[in-house]
Every structure is written in structure tokens, then in C-alpha cells.
2 protein chains.
Amino acid sequence: MTVGLSHTLDQAGERQVIHEIVTAAPSALNGDDAAVLYPAAPNSRTVAATDMMVEGRHFRRDWSTAAEIGQKAIVRNFADIEAMGARPTAALLAIAAPGETPVDFVRGIAQGIAERCAVYNAELVGGDLTRSDSLVINVTAMGSLGGSGAPLTLDGARAGQKLVAHGKIGYSGAGLALLQRFGRALPPELEELWPLIDAHCAPTLSPGRGVIARATGSTAMTDNSDGLVRDVGHLAQRSGVRIDLDRAAIAPDPLLAAAGAVLDIDPWEWVLTGGEDHTLLATTYKAAPSGFREVGRVMRGTGVTISGEEPRYREGWEGFA
Amino acid sequence: MTVGLSHTLDQAGERQVIHEIVTAAPSALNGDDAAVLYPAAPNSRTVAATDMMVEGRHFRRDWSTAAEIGQKAIVRNFADIEAMGARPTAALLAIAAPGETPVDFVRGIAQGIAERCAVYNAELVGGDLTRSDSLVINVTAMGSLGGSGAPLTLDGARAGQKLVAHGKIGYSGAGLALLQRFGRALPPELEELWPLIDAHCAPTLSPGRGVIARATGSTAMTDNSDGLVRDVGHLAQRSGVRIDLDRAAIAPDPLLAAAGAVLDIDPWEWVLTGGEDHTLLATTYKAAPSGFREVGRVMRGTGVTISGEEPRYREGWEGFA
């Protein structure tokens, strides 16, 4: 049985809504008091992270589709798993929502989650559903860290290493700025800028990059979630080093420059402080791993510089700013 | 550095609040993009469950202390881990809260979590903090299922088994009814009824009972979270059996009877539909495991009966009721 698009959570009831979620994102591990994950490889360790998204703060229903919200919830969490050098394997979803929320919206979130989990060969293994005045979505991700080697931690960067990156930097911030100006009604002549909005509403992350970086000798990693200067600064502070970003390597690309011209905003702001790109940032003595590019150097000292100079912008995105 | 009791989350800022949480509930596994759990025993599997609590629906700040709310959040989750026959090892905490929430309140939640985790030798290994109009607390629990035997599932009950229980039944429902009548201002002459309120605000669960039940041959287990008839009915339905509860074994004890007399409520209502006790309910062919008592029998058929008769009350607590 499926319920109509116009049904609300109140009308459908808890059991039916959960049925819709597990139909959209099926897993043989789901459906009991707790999920028992598949047996892990010998010597591997379980990795876990959790992330809460609040409507109006982390997403807006007039800016993102339900599927995009689900996709974003997964990528935010899986990037944290990848940033340890681990492989995401499972997710748990808790939703608090008003009773008048359409069932179709919750089903869409589950579809977006299933879509992104499939890319990682991961599954939605359990969850919780409850009533609330605000719409709040919590995803917890679990992963597997293979072998007995160290994970990629924030304190593992050493002077003499390269800083390498996998993924776009600044796209999410630019997409948010476009949404703030135009909503989803981007003028037809600006159609080329849609990838920036997509990067904000449903960021992507190629699976396995964290594992590859760890396997090829990286020692530290994080993802660009709160803003480049803030996240790299966190890595530098925890490792007791200075990180010098290469101005040319991180300079706004033509798409960011075009969005900057349309909105009359310096695109460096999105690059340095935008965050939410979930770009992986690693340090290594070796050549940039497959899929990564060199974007800076680790040096003695403290703080973050850009080709030796102070960053033009440094404020990042903070949960309680 | 610690901040004063009167500080709000807005005044303290994200970093300071997180510092308060990890100080109250410390773990060497915390503090990176994701938590890498301790290496698991060979042949064990990871178990995970998640649960969201919303202010006004799952707790009230004028009824529960912050520590009690943290304790309840842990027990709700750890009971689900135990109900698989597994041992809880770690928890993740995500909080969405208004900026005017006192830091002391969040610290209290973390203290309650740490206190209950300590009983299980588990740790708070990570989390998330964000701003929201509503106060929402999400805890995800992880555990370890030892050996290669089957977990204790909802579909494992078989005709001819006993139903056994560990923990009080009906106390949480009675405590809620007392709070609804008196708030925390329980008249001095009713002081003996405080254990019922405590059972509602900060339920307890002795660690290791799920593991013991699995080790001694139980085949199915759940916990009493939504109401006895509903939860046992779920077990019966998933296993394709009838479960007959023993009227004498589950009859209201003198404390429940006293509360019922004070409130003019039939205490059977709390026993059969109250829920939130997180009593473990298992089925076994053998003698009741240590800490468990026999409360019924598994038979051919469908549904739930009480010494052969229809339950007087059967509605339970549902997330979207």
C-alpha cells in the first residue's frame, strides 16, 4: 500500500510513514530494536559521526527538494567518515516533523538518502520518527576503517607536507548566495550557474577518496564544512603547524567569477569562508593521491596564510554564530 | 575555563559549549571529524540504534532535571542495543537548541549521559550542536554483539517458550500521571511514590541483561517502550505466535496500586499501555535467566491475551498518535 501525495504524517500515521521510508530506502538490516551491521573485515574498526539539520538553518523547502535534503544529510556525514580514511557502510535517520508535513516529503528524503547510500554501497539501517513543531533531520553515519594503521586525524599534519584537496571549493557558498538572491527562479540567462546551486542543495563526494588518501600515505585529513580558512586553520592548530594555501590553486574558477559578477560579491569570500562543500583536505609527503590536487604546503609556525599573506576573509560558518 | 551558570549558548558560543560537553562526558575517541571506536572482539558485529527526544513531547524541563533527560536519552537507546543481546559501547549526541538555552542545561545533559554511559563502560564519542527554535536531543547508540550466534530478534519467539521480563512494568506511566497531576510538587504524604516519577524521568536498566539472555538461550527480545500490549503484540505478530501474559505476574504492585488510588486511575492502564519502562522482554525454552522473571507463555495463534482473556487496555504510545 502507498499513500497519496497529499497525505500528511498525521493522516498516514507512524507505521505507514515508516513503511514508506523503508520502501524507499530498503535494507535487510532494518526493522528490529537495533540494526546488527554486517560482520566487519578482520582488524577493521567502526567509525561513527552524527549531524543534525534544522529547517530554515540548514535547508529550506522552497530551495531544496526533499531528495536533495536527504542527499545533503548523507554527504555531510559520509564526508566525516571519509575524512578519517574510512569507508561509509551504514546510516541511521531520525526525523522530527510537524504532523502536517506531507508523507511525500519524508519519502523524498528517504529516496535521496537511498540514492547517495547506493553510491557508497551503504544502507539506511534504522531510524526514528517523532512529532515536533520544527522539522529536524538527524543522520548518523557509520563506517569501517580497514587495517591497523592510524586513521587520518586533525593532528597528523607535519611541516614539509603538501596540502591536497579533492572536490570543488566555494561552490556551495556561491550557490547559497544565488538562492538568497533569486530563490529557485534563476533567470534563464544565468542557467550555467545551476551547478553552484546544486552544490549547495545536494553536494557530492566521490566515494573512496579518503580510503585512497590513507592507503597512499596521507597522515591528516578533514573536510571543508565550516569554511576553508576555518577548517584548514583547525587542522593547523591541532597539528601545531602553519598551512600556506596556494593562491593560484584555490583561486575562484570562471563559474565562481561569473556568479560573483552577477551578485557583485567577491568570489574569494565563498572560497575562503563558504564551507559546506565537503571537499576533502589531506596532508601528505608524497604526490597528490588520485583525484586530489595540490592546494598548499604545511610549514613550521601557526595559522593559515595564502601564498604567504593573511587571508582576505577568515570568518567561517559556525553552528552557534 | 568554565562559564557561569547563567550563560546562554549564544553568549558562550559553539566552541565553549562543546568544551563543556566533552569535559562533562570525556572520551579519548572524541574530537575529530568522526570517532574511531576501539577495535572490536574477533567475530563480533556492530549494533546501532537512534532515538530523538523533543521537548514538550518526550520531556519537560519543569519535570526533569537536565541530568535526568540525559540519562533517559541513554537508556532509551541502550535498551534497544541490549534488546538485540548486545553490549552498548558508545553514544553520539546531537542537540538542536534555542540560543537562549542555558549552558548549564546542556552541561547537565552531558553529565547525565556520562553517568549512565559509565554504568555500561561506554563513552560519548562524538556529537553535533546546532541552533533551533525547538529543543531536540538525538542520541545514537552503538554496541557490540559477540560471537557468531544470531541476535535476539522480534521474529524469534516460538510456541512453547516462556516470556520473561527484566525490569518494572508500569512505573513510567504511573510517574507520568503523577507529574501530570502534581508536577514536581508531590505532596509530602505521597513521598513513597517518588520512585514512579524517577522511573519516568530517568529510567534505569541493569547492564548486561540482554547479553545474559542471549548467552542462556533466549531467541527473541524487545523492550517495553511503547506499552506492554503493543510491544508484546509486535513480538507476537513478527514471530507469528500468540503471547499469553500471566495476570498474576504482571499485576500492579502496591506502589502502582497506591498511585492508582491517589489519582483515581486503574493501574492496569499503566501496566498494559504505559510504555517507556524499557523493561526487557525475552522468550526462552529454558528457565528465566538471572535477573528475569516469568511473565507469560508463547503459544500457537495470534495476538496478546492476559491469562487467556482480552487485555482490558491495548492502546500504546505511538510517535505520531
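Quick caveat, the model's predicted, so the values are computed rather than measured.

A. How the structure looks around the pairing of strand 3 (residues 87-97) of chain A. Residue and element names in this part refer to chain A. Buried residues dominate strand 3, accounting for nine of its 11 residues. Across nine bridges, strand 3 lies against strand 5 (residues 136-145) in antiparallel orientation. Along strand 5, the bridge assignment pairs Leu 92 with Thr 140. Summarising the sheet, strand 3 and strand 4 (residues 123-131) pair through eight bridges and their orientation is parallel. Among the inter-strand pairings, Leu 93 is bridged to a residue of strand 4, identified as Gly 127.

B. Structural context of helix 5 (residues 171-182) of chain A. Residues and elements named next belong to chain A. If you check helix 5, its first and last C-alpha atoms are 16 Å apart, about what 12 residues at 1.5 Å a residue would give, namely 16 Å. Residues of helix 5 that are buried sit in contact with helix 6 (194-201), helix 10 (254-263) and helix 11 (268-273). Looking one or two residues past helix 5, Gly 183 carries a phi angle of roughly 60 degrees, positive in sign.

C. Local environment of the domain arrangement of chain A. Residue and element names in this part refer to chain A. For chain A, the domain assignment lists domain 1 (12-145) and domain 2 (162-306). On a C-alpha basis, the centroid separation for the pair domain 1 and domain 2 is 25 Å. Listed by partner, the interface residues are 22 residues for domain 1 and 25 residues for domain 2. Scanning the region where domain 1 abuts domain 2 turns up three salt bridges. Here Arg 76 ties to Glu 276 by a salt bridge, and the two come within 2.9 Å at their closest N and O atoms. Linking domain 1 to domain 2 there are 10 residue pairs in polar contact (both at pLDDT 80 or more). Within the residue set of the side of domain 1 that touches domain 2, elements represented by two or more residues are helix 3 (66-82) and helix 4 (103-120).

D. Structural context of the UniProt feature "binding site: Mg(2+) 5" (unreviewed entry) in chain A. All names here are of chain A. Per the UniProt annotation, the sites labelled "binding site: Mg(2+) 5" (unreviewed entry) are Asp 226. Here Asp 226 lies in the loop between strand 7 (220-223) and helix 8 (228-239). Overall, Asp 226 belongs to the partly exposed group, its relative accessible area being 27%.

E. Just the relation of the copies chain B and chain A, in detail. For these two chains of identical sequence, chain B goes onto chain A by a turn of 180 degrees and a shift of 0.0 Å along the axis, with RMSD 0.0 Å. The transformation relating the two chain copies, once decomposed into turn and shift, fits a two-fold axis. Scanning chain B for the C-alpha nearest the rotation axis identifies B:Ser134, at a separation of 3.2 Å. When the interface residues of chain B are mapped onto chain A, 100% of them are again interface residues, pointing to one common binding face.

F. Quick look at the interface of chain B and chain A. Taken together, the contact between chain B and chain A spans 63 residues of the former and 63 residues of the latter. Summing both sides of the interface, chain B and chain A together bury roughly 4700 Å²; the carbon and sulfur share of this comes to 57%. Linking chain B to chain A there are zero salt bridges. Applying the counting rule to chain B against chain A returns 17 residue pairs in polar contact (both at pLDDT 80 or more). No other element matches the nine residues that strand 2 (residues 45-54) of chain B contributes to the side of chain B that touches chain A. Split by residue class, the side of chain B that touches chain A holds 32 nonpolar, 15 polar and 16 charged.

G. Here's a closer look at unusual backbone geometry. Residues and elements named next belong to chain A. Notably, His 278 is not glycine yet its phi reads approximately 60 degrees, a positive angle. Assignment of secondary structure puts His 278 in the loop between helix 11 and strand 9 (280-284). A residue is classified by how much of its surface remains accessible, and His 278, at 3% relative accessible area, is buried.

H. Geometry of the pattern of salt bridges. If you walk through the whole model with that rule in mind, you get 26 salt bridges over all chains. The partner of A:Arg247 in a salt bridge is A:Glu309, and the shortest N-O contact between them spans 3.3 Å. Of the two residues, A:Arg247 sits in helix 9 (residues 247-250) while A:Glu309 sits in the segment after strand 11 (303-306), which places them 62 residues apart along the sequence. Owing to a relative accessible area of 29%, A:Arg247 belongs among the partly exposed residues under this scheme. Assessed through its relative accessible area of 48%, A:Glu309 is described here as partly exposed. One salt bridge in this structure joins B:Lys72 and B:Glu276, with 3.3 Å as the shortest N-O distance. Here B:Lys72 is found in helix 3 (residues 66-82), whereas its partner B:Glu276 is found in the loop between helix 11 (267-273) and strand 9 (280-284), with 204 residues between them in sequence. Three or more residues are tied together by salt bridges with common partners; here these are A:Asp51, A:Lys72, A:Arg76 and A:Glu276.

I. Just the UniProt feature "binding site: ATP" (unreviewed entry) in chain A, in detail. Residues annotated by UniProt as "binding site: ATP" (unreviewed entry) correspond here to A:Gly127, A:Asp128 and A:Ser225. The greatest C-alpha distance among the annotated residues, which extend across 99 residues, is 25.7 Å, indicating that they are dispersed rather than converging on a single site. With respect to the helices, strands and loops of the structure, A:Gly127 is situated in strand 4. Each residue touching A:Gly127, except ones within four places of it in the same chain, is listed here: A:Leu92, A:Leu93 and B:Thr50. Aside from chain neighbours lying at most four places away, what touches A:Ser225 is A:Asp231, A:Gly275, A:Glu276 and A:His278.

J. Just the sheet that holds strand 10 (residues 293-299) of chain B, in detail. Residue and element names in this part refer to chain B. One open sheet accounts for six strands, arranged 7-9-6-10-8-11; its pairing is mixed. The sheet is open, and its two borders are formed by strand 7 (220-223) and strand 11 (303-306), each paired with just one other strand. Neighbour-to-neighbour, the strand axes of the sheet open up by a mean angle of 25 degrees, direction not taken into account. Across five bridges, strand 6 (residues 162-166) lies against strand 9 in antiparallel orientation. The residue of strand 9 that forms the bridge with Leu 163 is Thr 283. Sitting on the sheet, helix 8 (residues 228-239) is in contact with strand 6, strand 7, strand 8 (242-245), strand 9 and strand 11, with an inclination near 145 degrees to strand 8.

K. Broad picture of the packing of helix 5 (residues 171-182) of chain B against helix 10 (residues 254-263) of chain B. Residue and element names in this part refer to chain B. Packing of helix 5 against helix 10 leaves a shortest axis separation of 10 Å and a crossing angle of 30 degrees. Compared by their axis directions, helix 5 and helix 10 come out roughly parallel. Seen from above, helix 5 lies across helix 10 with left-handed handedness. Contacts from Tyr 171, Ala 174, Ala 177, Leu 178, Arg 181 and Phe 182 of helix 5 reach helix 10 at Leu 255, Leu 256, Ala 259, Val 262 and Leu 263. For the contact of helix 5 with helix 10, the per-class residue count stands at 10 nonpolar, no polar and one charged.

Calculation criteria
Residues numbered from 1 in each chain as written. Chains lettered and ligands numbered in written order. Predicted model: local features only at pLDDT ≥ 70, side-chain atom pairs only at ≥ 80, totals over all residues. Heavy atoms only, no water. Buried < 20%, exposed > 50% of the residue type's maximum accessible area, 1.4 Å probe, protein only. Helix = DSSP H or I, 4+ residues; strand = E, 2+ residues; numbered from the N terminus. Pairing = 2+ DSSP bridges. Expected span 1.5 Å × (residues − 1). Contact = heavy atoms within 4.5 Å. Domains from an automatic or database assignment. Salt bridge = Lys/Arg side-chain N within 4 Å of Asp/Glu carboxyl O. Polar contact = N/O pair within 3.5 Å; in protein donor to acceptor, adjacent residues only side chain to side chain. UniProt positions renumbered as here; feature names shortened; annotations may be inferred. Least-squares fit on C-alpha atoms with pLDDT ≥ 70 in both. Buried area = accessible area lost by both parts, 1.4 Å probe. Nonpolar A, V, L, I, M, F, W, Y, C, P; charged D, E, K, R; others polar. Axes fitted to C-alpha atoms, helices over the stretch in contact; angles between N-to-C directions. Parallel < 35°, antiparallel > 145°, perpendicular 65-115°, else oblique. Left-handed = near helix turned anticlockwise from the far one by under 90°.

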